[in-house]
Amino acid sequence: MQLLFGFLLAILIAYLAYRAHSLNKSGALAASFTGMIIFGVGGWQWAILLLTFFITSSVLSRSFKKRKQGLDEKFSKGHERDAGQVFGNGGLATAFAALHFFFPNELWPWLGFAATLAAVNADTWATELGVLNPHPPRMITDLRKVVEKGTSGGISLIGTLASLAGSALIGILAASLHPTTDSFSIFIIITMSGLAGALFDSFLGATVQAMYYCPTDKKETEKHPLHTCGTPTVHIRGWTWLDNDWVNFACSACGAFGVVVVLIFGL
Ligand SMILES: [Zn+2]
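Thresholds, definitions, all that
Residues numbered from 1 in each chain as written. Predicted model: local features only at pLDDT ≥ 70, side-chain atom pairs only at ≥ 80, totals over all residues. Heavy atoms only, no water. pLDDT = per-residue confidence, 0-100. Helix = DSSP H or I, 4+ residues; strand = E, 2+ residues; numbered from the N terminus. Contact = heavy atoms within 4.5 Å. Salt bridge = Lys/Arg side-chain N within 4 Å of Asp/Glu carboxyl O. Buried < 20%, exposed > 50% of the residue type's maximum accessible area, 1.4 Å probe, protein only.

Chemist: Even after reading the chapter, I still don't get the confidence of the model for the protein, so can you show me in this structure?
Modeler: Low pLDDT means the predicted atomic positions in that stretch should not be read closely. Confidence along the protein averages 92 in pLDDT terms, with 96% of residues attaining 70 or more. Taken element by element, the protein is modelled with least confidence in helix α5 (residues 72–75), mean pLDDT 58, and with most confidence in helix α8 (residues 157–176), mean pLDDT 97.

Structure follows, in structure tokens:
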């Protein structure tokens, strides 16, 4: 019954998101799949966490449009997410929901699931709210180096606080939806793991993420093969396979890794 209801709910939400232009066609198919596993296998607690990420990131991506004008890089895809973005952000969360099916009485799939979502939520909040920082960001690998807003690897005070808030929101939900265990510990573990994931995302952006150059705009960009202006971009640094979707995946994996560390050291 839950399985069937979860399936229908996932398809309905993906369809509404598609109609609202939050997802394109491939994104809607991917979201139906991830939603079906997470809602169907996990149930309503899992659904609340996923929807919190999905709804807040969709709303934030539509907010502060004026501030984002001219920052074509991170925001050029508009707010329509494709399958790569859906799996980059939610692929690992889906895997943890599937693991819950095999280990229904264990807490760790829930912690892993929550930590991956805390990480991608933290990262999204930082990206979308970081534009409100009054000063340009600084490189995470060299805080003396000031960079343009929207540069991968750039961090700011407002962005980092947004990260913490985005992570803490998932942390609070993860703890309160599992009231039988030590809620405060869960809150701390998830919040810290999520923040670590978002910082790792920035670190990869500053170091090994594939970066390109647009000769027309004379600008660094993540976009490849074509820039938003239509000009073919040239690879300048980073691993060519490590695009933004894989960086988001690594961000979520770092969140899950935080939980693994805590469980191994038995906190
Ligand atoms: Zn260009």
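Chemist: Can you help me understand the environment of Y213 in this one?
Modeler: As for its position among the elements, Y213 is in strand β4 (residues 211–214). Taking C-alpha positions, Y213 is 6.5 Å from I236, a pair spaced 23 residues apart along the chain. Among all residues touching Y213, those that are not within four sequence positions of it are K218, K219, E220, T221, T233, V234 and I236.

Chemist: Hey, could you run me through the pattern of salt bridges in this one?
Modeler: Where charged atoms of side chains with opposite charge meet at close range, the side chains can pair. For the structure on display, the rule yields 2 salt bridges. In this structure, R144 engages D142 in a salt bridge whose closest nitrogen and oxygen atoms are separated by 3.2 Å. With relative accessibility at 73%, the residue R144 sits in the exposed group. For D142, a relative accessible area of 25% translates into the label partly exposed. R237 serves as the salt-bridge partner of E220, at 3.0 Å between the closest nitrogen and oxygen. Residue E220 is located in strand β5 (residues 219–221), and its partner R237 is located in strand β6 (residues 234–237); the two are separated by 17 residues in the primary sequence. Accessibility expressed as a relative area gives 36% for E220, which makes it partly exposed. For R237, a relative accessible area of 24% corresponds to the partly exposed category.

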